[in-house]
Amino acid sequence: MNRIYNFSAGPGIQPVAVLEEASQAVLEFQGSGMSILELSHRGKHYDPVHAEAQALVLSTLGLSEDEYTIALLGGGASMQFAMLPMNFIRPGDTADYVDAGEWGAKAIVEAARFGSVHLAGSSKATNYDQLPEVTPSGKSRYFHLTTNNTIEGTQVFDLPATGGAPLVADASSDIFGVHRDYSKFDLIYAGAQKNAGPAGVTLVVIRKSFLETAHKDLPPMFSYITQCEKQSLYNTPPVFPIYVLGLTLKWIAAQGGVKRVAVHNQAKAQLIYDALDACPSVFSSCVAMKEHRSWMNITFRLATPELEKHFLAEAKAAGMDGLPGHRNVGGFRASIYNAFPIAGCEALAALIRDFSRRNG
């Protein structure tokens, strides 16, 4: 097996141990005579997989099953941009949103279809190079933020005051990768394909008291109440991604849990940031302001387009893939999620320093 350093922003790199176990389950699952891809979602072989994955999500986040419930859905975080306001706001209601990047901006567009949006803060004027100061409306049904902005490379470490509104977050790109007090959130949603498994399953973790305030007259596929009451089995769930989600959470536990993984992630990111900061004449800037830099997605530029072209070619030759920045931003983006090895961060940092020495 010849694995490269995969810096892709998503789907992101997966733990090798998880891939190995999942690959065996694709052939045959636990003596069932069937592949995990063939199991009935209502059969005896899958029931414990589903229940365990739900329980592991809550325990890994340090949340109580008495206080929180979970839905495992399809559609990605983009579907949650609409499903969230559909469940909690109506014309005449207000929801607070923070605009700190492209995904937050898209969530705002969807929310405005269902009610009023109060822009609690925005850094659009500076091309999302920082996190904005926020001002809650004081009258909103919920307060929404994006915990990590994958495109721009900024990350929330200190949770804002919400003016008493329930705190809601799109945590797609740093869930299970940063240690937080997750009990401060009333709803968290996240696509799995960064730190929690393959694309295809979206986690929605909801405080039960907040869920009780959701609208009850929605089509069942779009109702948090229905999905949670039916244990995400109202229709066929994404069986294989849920299975790999469970494996991934067990792998996180084996690393020492989220708290230990977060320390490792910070150290990995610092290796690359230190190299970039040491070479300002060639690596002209990080996209994000220093105090708001992400541990998950490191965004940077070189001094000229020609240098960027040469650097990308050298990175590819060194077995590094997925480094070009998002098409709306350009430059480079090194995504180093939980499973990304520290050796890859060391290799990229070494290339940055060597390239700068030769081209400075």
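How each quantity is defined
Residues numbered from 1 in each chain as written. Predicted model: local features only at pLDDT ≥ 70, side-chain atom pairs only at ≥ 80, totals over all residues. Heavy atoms only, no water. Buried < 20%, exposed > 50% of the residue type's maximum accessible area, 1.4 Å probe, protein only. Helix = DSSP H or I, 4+ residues; strand = E, 2+ residues; numbered from the N terminus. Contact = heavy atoms within 4.5 Å. Pairing = 2+ DSSP bridges. Phe/Tyr/Trp six-rings, centres within 6.5 Å; stacked < 30°, edge-to-face > 60°. Salt bridge = Lys/Arg side-chain N within 4 Å of Asp/Glu carboxyl O.

> Help me understand helix α4 (residues 102-111) in this model?
Note that an α-helix has 3.6 residues per turn; residues three or four places apart therefore point the same way. Those residues of α4 not exposed but buried are Glu102, Gly104, Ala107, Ile108 and Ala111. Check the buried side of α4 and you find it contacts α3 (76-88), β3 (94-99), β4 (116-122) and β5 (143-146).

> Would you mind showing me how to read the sheet that holds strand β14 (residues 332-335) here?
Strand pairing in a sheet relies on backbone hydrogen bonds. The paired strands run either parallel or antiparallel. The strand order β11-β12-β14 describes an open sheet built from three strands, whose pairing is antiparallel. Two strands close off the open sheet at either side, each with one partner strand: β11 (285-286) and β14. Bridge count between strand β12 (residues 297-301) and β14: four bridges; the pairing is antiparallel. Across the sheet, the residue bridging to Ile298 is Ala334, located in β14.

> So what exactly am I meant to see when it comes to the packing of aromatic side chains here?
Under the counting rule described, the total for this entry stands at 18 aromatic pairs. An angle of 75° between the planes, with centres 6.5 Å apart, marks the rings of Phe88 and Tyr142 as edge-to-face. On the criterion of sequence distance, the pair formed by Phe88 in helix α3 and Tyr142 in the loop between β4 and β5 is long-range, its members being 54 residues apart. Accessibility expressed as a relative area gives 0% for Phe88, which makes it buried. Classification of Tyr142 by relative accessible area gives buried; the value is 0%. When the centroid spacing of 5.4 Å and the interplanar angle of 10° are considered together, the rings of Phe300 and Phe332 count as stacked. Pair noted here: Phe300 is in strand β12 and Phe332 is in strand β14, with a separation of 32 residues, a long-range link.

> Quick question: what am I supposed to make of the pattern of salt bridges here?
Close approach of charged atoms lets side chains of opposite charge pair. By the definition in use, this model includes twelve salt bridges. With a shortest N-O distance of 2.7 Å, Asp174 and Arg180 are connected by a salt bridge. Across the pair, exposure class does not vary: Asp174 and Arg180 are buried alike. One continuous salt-bridge network, built from bridges that share partners, spans Glu314, Asp354, Arg357 and Arg358.

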